[in-house]
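# Topology and contacts: notes
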Amino acid sequence: MAVPQLDPAKLQLVQELEIEMMSDMYNRLVSACHRKCIPIKYHEPELGKGESVCLDRCVAKYLDVHERIGKKLSNMSQGETEDLTKVNIPDKK
C-alpha cells in the first residue's frame, strides 16, 4: 500500500500532533504512576526499593496497555477502511 505524499505544511502539522499526543501520554503516565507509587509525604530524598519496583511495573503496564489499545484501534480503523472500500467498488457482472 503506497503512502500518500504530504506537503510540508501537512507534514509539520502531523509531526506537531504526534509530539503533542506523546507529551500528553507521558504526562498521564507520570501522573498516574506517581499517584499510585509515591506517597504524598516524602520520607527520603531518594526512591525506596518498593517505590522503584512499583514505578517500573506501573510504567511497563501503562506502555503495554497503550500499545495494545493503539494496535486495536489501528486494526479497527483498517477494517472500517476495507469495509468502505468494498462498499464503494461496484460489482462488475
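Above this text is the structure in question.
Scope of this entry: the structure provided in the associated data block.

The rules behind the values
Residues numbered from 1 in each chain as written. Predicted model: local features only at pLDDT ≥ 70, side-chain atom pairs only at ≥ 80, totals over all residues. Heavy atoms only, no water. Helix = DSSP H or I, 4+ residues; strand = E, 2+ residues; numbered from the N terminus. Buried < 20%, exposed > 50% of the residue type's maximum accessible area, 1.4 Å probe, protein only. Areas by Shrake-Rupley, 256 points an atom, 1.4 Å probe, with all protein chains shown as cover. Expected span 1.5 Å × (residues − 1). Disulfide = S-S within 2.5 Å.

## Topic: the overall build of the chain
Scanning the chain from N- to C-terminus turns up two helices and zero strands. Classification of the 93 residues of the chain by burial places 8% in the buried group. With the model as given, the accessible surface of the chain reaches about 8,800 Å², and the carbon-plus-sulfur share is 60%.

## Here we look at helix H1 (residues 8-37)
An ideal rise of 1.5 Å per residue puts 44 Å on 30 residues; H1 measures up with 43 Å between its terminal C-alpha atoms. Of all the positions in H1, only Met25, Leu29, Cys33 and Cys37 are classed as buried.

## Considering the state of the cysteines
Tallied over the entire structure, the rule returns two disulfides. Covalently, cysteine 33 is tied to cysteine 58 through a disulfide, its sulfur atoms 2.0 Å apart. An S-S torsion of about -90 degrees defines the bridge between cysteine 33 and cysteine 58 as left-handed. Here cysteine 33 is found in helix H1, whereas its partner cysteine 58 is found in helix H2 (residues 49-88), with 25 residues between them in sequence. When sorted by exposure, cysteine 33 lands in the same class as cysteine 58, which is buried. Bridging cysteine 37 to cysteine 54, the disulfide has an S-S length of 2.0 Å. In this structure, the disulfide formed by cysteine 37 and cysteine 54 twists by about -70 degrees around the S-S bond and is classed as left-handed.

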